[in-house]
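# What the coordinates show
Residues per chain, in single letters:
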Amino acid sequence: MVSIILTILKIIGIGILVILGIIIFLVLLVLFVPVRYKADGSYTDSHSNIFGKVSWLIGIVSVTVRYQNEQPFHIRAKLFCIPIFDNLKKRKKKAFRKRKKEEPQLQAASVCEEGTTAQNKAEITETQRETAAQQEPLTDIRRESSPAESGQTADEVPVNELDHENTDKETFFQKIQKIFIKLIKFFENIKFTFQKIYVIIMKIKDNIKYYLELLQRESTKQAFGLCKKQLLRILKNISPTKYSVKLHLGFEDPAVLGNILAVWGMIYPWHMGRIDICPEFEESIVEGSFFLKGRVRIYILLWTVWLFLTDKNIKRLRKQLNL
C-alpha cells in the first residue's frame with residue numbers, strides 16, 4: 001500500500017516538474033527570442049505600395065500588413081502557417097450575409113406592395129368622402145355668425161401714453177450717481193485682477209524654486225541618469241539593423257533642394273550612404289523607396305519597466321513630482 005502511494009506521488013511530482021519546465025521554457029522563449037520585423041515600400045507617380053511583416057520564433061507567429069492605392073488596407077495573421085485572422089475575408093463574409101438577409105426582405109416587400117395598392121386606393125376615396133362631409137357643417141356655421149360680434153372689441157383698448165412717459169424719466173442727479181457707482185466697481189475689479197495676477201506670479205516663482213532645488217539633488221541626478229541609460233538602450237533595441245532609403249527629389253525652388261542636400265551631407269556619418277538622394281533640378285518630382293529590417297528583444301523592455309517601478313531614486317522622484 002505504501003509503495004502504491006509513493007509511486008502515485010512520484011508520478012504527480014514528475015508531472016508537476018514537467019509542467020513547470022514547459023512553463024519556464026515558454027517564458028524563456030518569450031523573453032530571449034527576438035521579435036523580428038521588416039518593411040519596404042515605394043512611392044512613384046502618386047502611387048504608393050507599403051508592405052510590413054512582424055514574425056516570432058522562425059515565423060511560427062507572423063502578422064503581415066499591406067497598403068496600396070485604391071485598395072483596402074490588408075492585415076493577416078498566421079499561426080504555424082495557418083491563417084487565423086484576415087480583415088478582408090471578414091468583410092466579404094459580412095457582405096455575403098447582408099445580401100442573404102436582404103433578398104427575402106425585398107421579395108416580401110414586393111408582394112406586400114402589390115397587395116396594398118388596391119387597399120390604398122379604396123382608403124383614399126373614403127377619406128375624400130369624409131372630408132367633404134366634415135366641410136358642409138363648417139360652412140353653415142360661418143353663415144350664421146353675425147358681423148356685429150366681431151366689431152364689439154374695437155373700442156376696448158385703453159391708451160395712456162403721458163403717464164408712461166412720466167414714469168420713465170430720470171433726474172440728472174440719479175444719472176450721475178449711477179455713473180459713479182459704475183466707476184467704483186470698475187476700479188474694484190482692476191484691484192482684484194492685480195491681486196490675482198500677483199498670487200499667480202508668486203506661485204510660479206515658488207514652483208520654479210522647488211524644481212530647481214529638486215534637480216540639484218543627488219537622488220534626482222541618479223534617477224535621470226538611469227532613465228537616460230535605459231531609454232538609449234531601448235532605442236538601440238528597437239532601431240533597425242539594416243535599412244536603405246532611395247529618394248528622387250526635385251522642387252520648383254532650387255533653394256529647397258539645396259537645404260535638403262546640406263542636411264543630408266551633415267548627417268552622412270550617421271547614415272554612411274544608406275540614405276541616397278538623386279537630385280533633379282529641371283522638374284518638380286518626389287519619388288522614392290525604402291527598406292528596413294530589425295528585431296526587438298522583449299526582456300530589455302520588461303527590464304526597463306521593472307527598473308522604473310522598483311528603483312528607489314525613481315520612486316522618490318515620482319512622489320516629489322506627484323506622479
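Look up a bit, the structure's there.
The structure contained in this document is the topic of the report that follows. (Residues numbered from 1 in each chain as written. Predicted model: local features only at pLDDT ≥ 70, side-chain atom pairs only at ≥ 80, totals over all residues. Heavy atoms only, no water.)

What follows covers the overall build of the chain. If you tally the helices and strands in the chain, you get 10 helices and eight strands. Taken over 323 residues, the chain has a buried fraction of 13%. The contacts of the chain with a sequence gap of at least 6 include a subset with a gap of at least 24, amounting to 55%. On the chain, roughly 27,100 Å² of surface is accessible, and the fraction owed to carbon and sulfur atoms is 64%. (Helix = DSSP H or I, 4+ residues; strand = E, 2+ residues; numbered from the N terminus. Buried < 20%, exposed > 50% of the residue type's maximum accessible area, 1.4 Å probe, protein only. Contact = heavy atoms within 4.5 Å. Areas by Shrake-Rupley, 256 points an atom, 1.4 Å probe, with all protein chains shown as cover.)

Let us look at the packing of helix α6 (residues 218-238) against helix α10 (residues 312-320). It is the contact of α6 with α10, at a shortest axis distance of 8 Å, that shows an interaxial angle of 110 degrees. Between α6 and α10, the interaxial angle falls into the category roughly perpendicular. The handedness of the crossing between α6 and α10 comes out as left-handed. Across the interface between the two elements, Ser 219, Thr 220, Gln 222, Ala 223, Phe 224, Leu 226 and Cys 227 from α6 touch Asn 313, Ile 314, Arg 316, Leu 317 and Gln 320 from α10. Split into classes, the residues belonging to the contact of α6 with α10 amount to six nonpolar, five polar and one charged. (Axes fitted to C-alpha atoms, helices over the stretch in contact; angles between N-to-C directions. Parallel < 35°, antiparallel > 145°, perpendicular 65-115°, else oblique. Left-handed = near helix turned anticlockwise from the far one by under 90°. Nonpolar A, V, L, I, M, F, W, Y, C, P; charged D, E, K, R; others polar.)

Another point: the packing of helix α1 (residues 2-32) against helix α9 (residues 298-310). At a minimum axis distance of 6 Å, the contact between α1 and α9 shows a crossing angle of 90 degrees. With respect to their mutual orientation, α1 and α9 come out roughly perpendicular. Contact residues: α1 offers Val 30, Leu 31 and Phe 32, while α9 offers Ile 298, Tyr 299 and Leu 302. A breakdown of the residues in the contact of α1 with α9 according to their chemical character gives six nonpolar, no polar and no charged.

Before going further, it helps to spend a moment on the nonpolar core. Buried together is how nonpolar side chains tend to be arranged in soluble globular proteins. Judged by nonpolar contacts, Leu 214, Ala 223, Leu 226, Leu 307, Ile 314 and Leu 317 together constitute the single largest core of six residues. For this core, the secondary structure elements donating two or more residues are α6 and α10. Among all residues touching Leu 317, those that are not within four sequence positions of it are Leu 214, Thr 220, Ala 223 and Phe 224. (Core = buried A, V, L, I, M, F, W, Y, C linked by side-chain atoms within 4.5 Å.)

Moving on, we come to the environment of Glu 252. Tracing the chain through its elements places Glu 252 in the loop between β6 (242-250) and α7 (254-266). Spatially, the C-alpha atom of Glu 252 lies 10.0 Å from that of Glu 280, the residues being 28 residues apart in sequence.

The next point concerns the sheet that holds strand β3 (residues 61-68). Pairing is mixed across the open sheet formed by eight strands, whose spatial order is β5-β4-β3-β2-β1-β8-β6-β7. On the outer flanks of this sheet lie β5 (82-86) and β7 (275-279), each paired with one strand and no other. Each strand of the sheet is rotated relative to its neighbour by a mean of 10 degrees, with strand direction disregarded. Against the sheet, α7 makes contact with β6 and β7, and its axis sits at roughly 155 degrees relative to β7, the strand it touches most. (Pairing = 2+ DSSP bridges.)

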